[in-house]
Amino acid sequence: MKRRRLTHIVLAGAVTAALGASGVYIAGASADETTVAGRLQAESYAAQSGAQTEGTGDADGGKNVGWLADGDWLRFDGVAVTGTALSARIASDNSAGGSVELHLGSQTGTLLATFPVARTGGWQKWTTVTATAKSVPAGAQTVFAVMKSAQKSDFVNLNWFTLGGAAAPAPAPSVPTGDGWVPVDKAKWDKQLAEYNATVAKPVPAGNVRVPEFNASCKVSHRLSDDPIVFPGMAGASHLHTFMGNKSTSAASTNASLFAGLETSCEPKEDRSAYWIPTLLENGKPVDPHGVTVYYGSRLKDPTKTVPFPEGFRMITGDAKKQVATGKGAPAQFWCAGAGGETGRSADGNWPVCAKTAELTYQLTFPDCWDGVHLDSPDHKSHVGPTGPDGTCASGRFPVAIPSISFVIGYPTSGSSAGFQLSSGMASSMHGDFMNAWETKPLAQRVRNCITQKAKCDSFGNF
């Protein structure tokens, strides 16, 4: 999931040829961009360097352009600048900030205007910033939006510009479609749901711990610099990942290939899903977990409406791009499990030092709710999300309750003042990926028996 500078020719959203290693993309207007009078949609660039598109949470739907850092740029052809009052719709979760410069003709051409960028509170927390054009050039222009920041991390998302014309009111949000949004096969999903609804729950024995939970108990399978969700079909394009579960998992993996790969490093064998995390490095050498327990449960007050994952479902939690300090007490911490616990911190303060009787541990938790429409989304997160205002999935943007997955990862090391590193960078970049390849009937029976009845089950679905 690390930032890559890859090169493709893209015409109407379809990749047709590769150009080497210049880091430049040439593209036609996105087929699903939102057309609003007076707006220049960021995703309608003719070429770019360093950018990616994703579905946006902003009011006008469509896409935004993200993963933008210092020196990245977007090129727009045939643009009319109709006045001096310009605006840009931005979002940022980087406190360093920066600016977006508009240049005419080239990246270093005549400066048209500069938009300031400050932290807005999130990568989908949108605000409109304004600038005044230094002049109004006549006729159609080639305009470059050039990113400027004093640091190298991604610092801004862009949704649209207005270049002198008043923007029309944004239309109501719509169901996202287009590149990266993978729709569920409704007929197949309806059939899977019907089979699940016909599943009869087994009686819960007296004395069972009433916690909605079952699990898959996994060992490390292999390590590869692959990521079949973020970089499908692109072997070696990612930072190093540690894989659990399906032993065939690689950049080429698909739902069909996972079901065809019968060998798994998890129990039960009916789970041929793929799970992966960035590789932990100690003194530059990989440290494999001695085991990863993948818990399937529910954090909802009422888990009875939970349904299994659809075939082909996949998602990511965490942020491989997040590179911030994680001192003692910071959220999303690695910690020490075992007698003696934490005895100190690494020299940089970002990692715990454990007692010799304890070990480094981490827990990754995925969302409880799903939009019910998409198997995947452009950022591999936007099709899932939190509960609604009343604490249920049904009251929010993601109306379908799914099992909440949690990876509990134990490493056979106590650490030292030297600390660790992840293949994705700092401790804050910890993340996890999931590609569902459970056999549907065993998964359905576990959801029915264990989650909807609030009953603790083991890896084999037994009470």
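Keep in mind the model is a prediction, meaning the values are calculated, not measured.

Engineer: Whenever I open this one, the overall build of the protein confuses me. Can you help?
Structural biologist: Broken down by element type, the protein carries three helices and 35 strands. Burial analysis of the protein (463 residues in total) assigns 52% to the buried set. Looking at the protein alone, contacts between residues at least 24 apart form 74% of all its contacts between residues at least 6 apart. Total accessible area on the protein is roughly 19,100 Å²; 55% of this is exposed by carbon and sulfur atoms.

Engineer: Honestly, the pairing of strand S16 (residues 213-218) in this entry has me stumped. Any pointers?
Structural biologist: Sheet faces and side chains relate simply in a regular strand, where the side chains alternate between the two faces. Counting buried positions over the six residues of S16 gives five, a clear majority of the element. Summarising the sheet, S16 and strand S23 (residues 291-297) pair through six bridges and their orientation is antiparallel. Within the sheet, the bridge partner assigned to Asn215 lies in S23 and is Tyr295. As judged from the two bridges shared by S16 and strand S19 (residues 266-267), these two strands associate in the antiparallel manner. Across the sheet, the residue bridging to Ser217 is Glu267, located in S19.

Engineer: It is not clear to me how the pattern of salt bridges should be interpreted in this structure. Could you clarify?
Structural biologist: Where charged atoms from two side chains of opposite charge approach closely, those side chains can pair. Scanning all chains against the criterion turns up 14 salt bridges. For Lys186, the salt bridge goes to Asp190, with nearest N and O atoms at 2.9 Å. Taken together, the residues Lys186 and Asp190, both in helix H1 (residues 186-197) and four residues apart, mark about one turn of the helix. Between Glu342 and Lys328 there is a salt bridge; the shortest N-O distance is 3.2 Å.

Engineer: So what exactly am I meant to see when it comes to the packing of H1 against helix H3 (residues 440-451) here?
Structural biologist: To describe two helices that pack against each other, one gives the angle between their axes and the distance between the axes. In the contact formed by H1 and H3, the axes pass within 9 Å of each other and the chain directions differ by 50°. Taken together, the axes of H1 and H3 are oblique relative to one another. Crossing handedness for the pair H1 and H3: right-handed. Where H1 abuts H3, its residues Gln192, Glu195, Tyr196 and Asn197 lie against Thr440, Ala444, Val447 and Arg448. Its residues assigned to classes, the contact of H1 with H3 comprises three nonpolar, three polar and two charged.

Engineer: I tried to follow the state of the cysteines on my own but got confused; where do I start?
Structural biologist: Using the criterion set out here, one finds four disulfides in the structure. Across a sulfur-sulfur distance of 2.0 Å, Cys369 and Cys393 are joined as a disulfide pair. One quick way to see it: the torsion about the S-S bond of Cys369 and Cys393 is about -75°, and its sign makes the bridge left-handed. Here the residue Cys369 occupies a position in strand S29 (residues 369-370), and Cys393 occupies one in the loop between strand S31 (384-385) and strand S32 (400-401), the gap between them amounting to 24 residues. Here the two residues Cys369 and Cys393 agree in accessibility, since each one is buried. Here Cys450 connects covalently by a disulfide to Cys457, the sulfurs 2.2 Å from one another. Torsion about the S-S bond of the Cys450 and Cys457 cystine: about -100°, corresponding to left-handed handedness.

Engineer: Is there a simple way to explain the sheet that holds strand S17 (residues 220-224) in this structure?
Structural biologist: Within a sheet, each strand pairs with its neighbour through backbone hydrogen bonds, oriented either parallel or antiparallel. Pairing is antiparallel across the open sheet formed by five strands, whose spatial order is S17-S18-S20-S35-S24. Here the strands that pair on one side only, and so sit at the sheet edges, are S17 and strand S24 (314-318). Going across the sheet, the axis of each strand differs from the next one's by a mean of 20°, ignoring polarity. Sheet topology note: the strand S18 (residues 241-245)/strand S20 (residues 274-278) ladder contains five bridges and is antiparallel. Its bridge partner lying in S20, Thr242 is registered against Ile277.

Engineer: Looking at this structure, how should I read the sheet that holds S32?
Structural biologist: The three strands lie next to each other as S31-S29-S32, forming an open sheet whose pairing is antiparallel. The strands lining the two open edges of the sheet, one partner per strand, are S31 and S32. Two elements, S29 and S31, share two bridges in a ladder whose sense is antiparallel. Paired with Cys369 across the strands is Gly385, a residue of S31.

Engineer: Explanation requested: the nonpolar core in the structure shown.
Structural biologist: When a protein is soluble and globular, its nonpolar side chains tend to lie buried together. One finds Tyr275 and Phe407 to be the most contacted residues of the largest nonpolar core, which totals 45 residues. Put simply, the parts of the chain that give this core at least two residues each are H1, S16, S20, S23, strand S28 (358-365), strand S33 (404-410) and H3. Per-element accounting of this core gives the leading share, five residues, to H3. Once you skip the residues sitting within four places of it in the chain, Phe407 turns out to touch Tyr275, Trp276, Ile277, Val292, Thr293, Val294, Tyr362, Gln363, Leu364, Phe366, Gly432 and Asp433.

Engineer: Teacher, can you tell me more about the side chain of Gln333 here?
Structural biologist: When you line up the elements, Gln333 lands in the loop between S24 and strand S25 (335-338). At 3.1 Å, the side chain of Gln333 forms a polar contact with the backbone oxygen of Gly327. Here the side chain of Gln333 touches Arg345 through a polar contact of 3.3 Å, side chain to side chain.

Thresholds applied
- Residues numbered from 1 in each chain as written.
- Predicted model: local features only at pLDDT ≥ 70, side-chain atom pairs only at ≥ 80, totals over all residues.
- Heavy atoms only, no water.
- Helix = DSSP H or I, 4+ residues; strand = E, 2+ residues; numbered from the N terminus.
- Buried < 20%, exposed > 50% of the residue type's maximum accessible area, 1.4 Å probe, protein only.
- Contact = heavy atoms within 4.5 Å.
- Areas by Shrake-Rupley, 256 points an atom, 1.4 Å probe, with all protein chains shown as cover.
- Pairing = 2+ DSSP bridges.
- Salt bridge = Lys/Arg side-chain N within 4 Å of Asp/Glu carboxyl O.
- Axes fitted to C-alpha atoms, helices over the stretch in contact; angles between N-to-C directions.
- Parallel < 35°, antiparallel > 145°, perpendicular 65-115°, else oblique.
- Left-handed = near helix turned anticlockwise from the far one by under 90°.
- Nonpolar A, V, L, I, M, F, W, Y, C, P; charged D, E, K, R; others polar.
- Disulfide = S-S within 2.5 Å.
- Core = buried A, V, L, I, M, F, W, Y, C linked by side-chain atoms within 4.5 Å.
- Polar contact = N/O pair within 3.5 Å; in protein donor to acceptor, adjacent residues only side chain to side chain.

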